[in-house]
Amino acid sequence: MSLAMSQFTIPNGTRLQMTRKPSAPRRTYAVRVNAVSADRQGKIQVGVRHSMRVTRLRDIVEVSPDLWEPAESSAAVPTSKQAKRGDGLTQATIFKELLLASKHFRLYSQKTHGDGDVYGVRFLMGSPRMEGLDDVFRVTRCVAERDEGLMNLVPDSSGMMVAEIMFPLAMPLDNTIDDLSSLVRAIETQIIEESTVCLMEKGSDDRSVFHGERRLNKYFTGMYARAPDLLHRGTCTSSSPTPGALEASKEMLHRLWEGEESADVVLIDEVRSRVEELFCGGNGRAVIHPSGTDAETMPLLQAVLASRALARAVPEKDRPSDFRDGTQRGNVISLVACAGEVGSGTTEAAEGRFFSKAVPLGGNRVDMGQELPALHDLAAMESIELVARGGERDVGRGKSDYDAIVEAKAREALASDPAAVVVLHTVAGSKTGLVMPSPAVADTLTAEFGDRVVSVLDACQMRHHPDLIPRWLGEQGPILMTSSKFFGGPSFGSAVFFPHRAVDTMNAQLNDESPATVAAIAEACASYLTHHDIGDVLPKLHDAMPPGFCNSGVLLRWAAGLHEMETLNATTESNGGVANTEDHVRAWVHAMREEAQKFSPHLEYVPAVDYEGDWQLGGVNTIIAVRLRSGAGEDFFSTADLKKVYALMTADLTEFISPESTMAERRVASQKCLTGQPVDIPGGSVLRTVLGAAQLKDLVGGKQPLDQMIEDDRVLLSKLALIARQYDYLLSHSL
């Protein structure tokens, strides 16, 4: 067979290509080619794979019977025309046996077409761990639609859409078994990619609802590899995986398939070990979470356990009247610092409430603000939002008396009840890069009140020096972190780091609680966590969690995030270490701050705050915030306006800008860009463009010089200014 003739063109530019020598070692298939007699045309006894199950415990679905359905044609004996073209029947038979030997196909039926000389093999596609028929249909549709010349979607007798390939194939085959094996491997490659993307979308909240052919969420990101023509400067909000990160997810999925049930434990524990090794410096343990917002559950749990321990120790008469009922309920007050500039839903999550109508696990729909099950029976919970900015003056900085405000609220809460515990958040980089309150507040309160203050570091942006996390674990309390902000892993992936002493204390407190109480805590956690995510960090809670598989979506998104983390770490180590990397960070930041001030009056750069010590990588804020307006003297765009600008930036606007636009403006308009989402701050909402791990890796490793990168960033700023100038004109069109 001519390999040049065995390529099947796919509309999106990818090519499905049959090759006889795969680039990586693959399974070999034992194919039995026997003469096909009349009594075998109706049912082929292959004996290779009898279960068509697409998932195991959680959602068992039988896609088709164990054996082939009877052919839809009544022809039992080949006609004379069939005898002349018997290669079609032979090809179909070989192809079916190859499908049976693969875990990525769900065999359905066969059909004889025309005068009996054309044979259709019908099947569904979807790799193991699919969560139901909807997933299988989705993968089948996506793969089949990539090349209607090779396979088509057709309805079966019940109306269900299945893929069909007609035999004999249009091109000649030199070696039938080898060539059809190559075809199956080529289709498998597409199935694996679609199955990986499908599974990566699972196990998150309603921020991760994906739509359209490109499968994008409301942030215009998804689980397909980010397009090479996209200028991505939005790692402060959301990211699609890089091609290398998506390959890491595929590799993790292969390992999940190969390991069967044991893989869930092994692979999540591996993720935990790798992230602990990268960041903790031996000072802590990690609990894996779907997102930085639901990660608030773990510090809250630490506070609930601490408060209940205090409630058992202090006289009930000394507590407020609401707690004198003999139940020894805890009392937890969470102080949400930088409110409005941390993760959406933080306030609800910090007081044990659902912050999303969809939950990562269980498939349940809930109400926004609904209490987590059972947890509020164990303790009273309250969140207090503390906005860091105020007034029109010096809007790039926080309130000058913010530390005093936070400390006063903490003292007031602690004085209200001798069993009260405060969850104090110190934000190591808000959406605009603020570090507030200052660490002195945590130092003062923990020194005075000890375990009555759970001192949490919100490091979700991950834009700090590597020394910060091990230092905080050694001196303070838990840390919220993510793989999906600075590092650009697909949205979302998170973890909570606990100091070893906190882990020991929590385990002792869990041992003091009744089995019913531990079960209630497990029930509250079960919408977000599996027992695999908890692992051996909290054994008693682990054992109380429902049995089952890991959250496959979290595992695969974390695999992608770890790829970005570990490759940046390796690039840093091989190119002069952290000090050299920080030089590159400072160079980009200073150049971008200068560029952002060149587009007045349509763009106004909001001065950033830099912090000394280990609070920022390179000692600079890597988030560039700008306001937009149509012209001098005009009002700055509102948050609603900037959300439209955010969307416009992701599109090629060449056809929609004003006819009077110059060629230079048209070139700028054609560039697709992803920025950070708008943030509402005093003085006017801002859009953000940032430095992310992939950019930094290119700078440090020499893949892209600074001047070239700044030229790209200049295009992004130019497009922002262009949209600001032509905003009304653009909105007059139906884009």
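That block above? That's the structure.
Residues numbered from 1 in each chain as written. Predicted model: local features only at pLDDT ≥ 70, side-chain atom pairs only at ≥ 80, totals over all residues. Heavy atoms only, no water.

Q: So what exactly am I meant to see when it comes to the pattern of salt bridges here?
A: Pairs may arise between side chains of opposite charge once their charged atoms sit close together. In total, this model carries 37 salt bridges according to the counting rule given. Its salt-bridge partner being glutamate 595, residue lysine 598 comes within 3.0 Å of it at the nearest N-O pair. Connected through shared salt-bridge partners, Arg255, Glu270, Arg274 and Glu566 make up one network. (Salt bridge = Lys/Arg side-chain N within 4 Å of Asp/Glu carboxyl O.)

Q: What exactly am I supposed to notice about the packing of helix α3 (residues 133-146) against helix α4 (residues 176-200) here?
A: Helix-helix packing: each pair is described by the crossing angle between the helix axes and the interaxial distance. The geometry of α3 relative to α4 is characterised by a closest axis approach of 9 Å and an angle of 135° between their N-to-C directions. It follows from the interaxial angle that α3 and α4 lie oblique. Viewed along their axes, α3 and α4 form a crossing whose handedness is right-handed. Residue-level inspection shows Asp135, Arg138, Val139, Cys142, Val143 and Arg146 of α3 in contact with α4, the latter providing Ile187, Gln190, Ile191, Glu194, Ser195, Val197 and Cys198. The residue makeup of the contact of α3 with α4, split by class, is seven nonpolar, two polar and four charged. (Axes fitted to C-alpha atoms, helices over the stretch in contact; angles between N-to-C directions. Helix = DSSP H or I, 4+ residues; strand = E, 2+ residues; numbered from the N terminus. Parallel < 35°, antiparallel > 145°, perpendicular 65-115°, else oblique. Left-handed = near helix turned anticlockwise from the far one by under 90°. Contact = heavy atoms within 4.5 Å. Nonpolar A, V, L, I, M, F, W, Y, C, P; charged D, E, K, R; others polar.)

Q: What is the right way to look at the sheet that holds strand β4 (residues 118-125) in this model?
A: Backbone-to-backbone hydrogen bonds join strands into a sheet, with any given pair of strands oriented parallel or antiparallel. Taking strand neighbours across the sheet as the criterion, the four strands line up as β3-β4-β6-β5 in an open arrangement whose pairing is antiparallel. Each having just a single partner strand, β3 (105-113) and β5 (152-155) make up the two edges of the open sheet. In this sheet, adjacent strand axes meet at a mean angle of 40° when their direction is disregarded. Examined bridge by bridge, β4 and strand β6 (residues 161-167) share five bridges and lie antiparallel to one another. For phenylalanine 123, the partnering residue across the bridge sits in β6 and is alanine 163. Sitting on the sheet, helix α2 (residues 87-100) is in contact with β3, β4 and β6, with an inclination near 15° to β4. Along the sheet, α3 contacts β3, β4, β5 and β6; its crossing angle with β4, the most-contacted strand, is approximately 130°. (Pairing = 2+ DSSP bridges.)

Q: I would appreciate a short explanation of the packing of aromatic side chains in the present structure.
A: Using the criterion set out here, one finds twelve aromatic pairs in the structure. By way of ring pairs, the aromatic residues Phe95, Phe105, Phe123 and Phe167 are connected into one cluster. A cation over an aromatic ring shows up here: arginine 207 above the ring of phenylalanine 492, its NZ or CZ 4.4 Å from the ring centre. Just above the ring of phenylalanine 636 sits the side chain of arginine 627; from NZ or CZ to the centre is 5.9 Å. (Phe/Tyr/Trp six-rings, centres within 6.5 Å; stacked < 30°, edge-to-face > 60°. Lys NZ or Arg CZ within 6 Å of the ring centre and 35° of its normal.)

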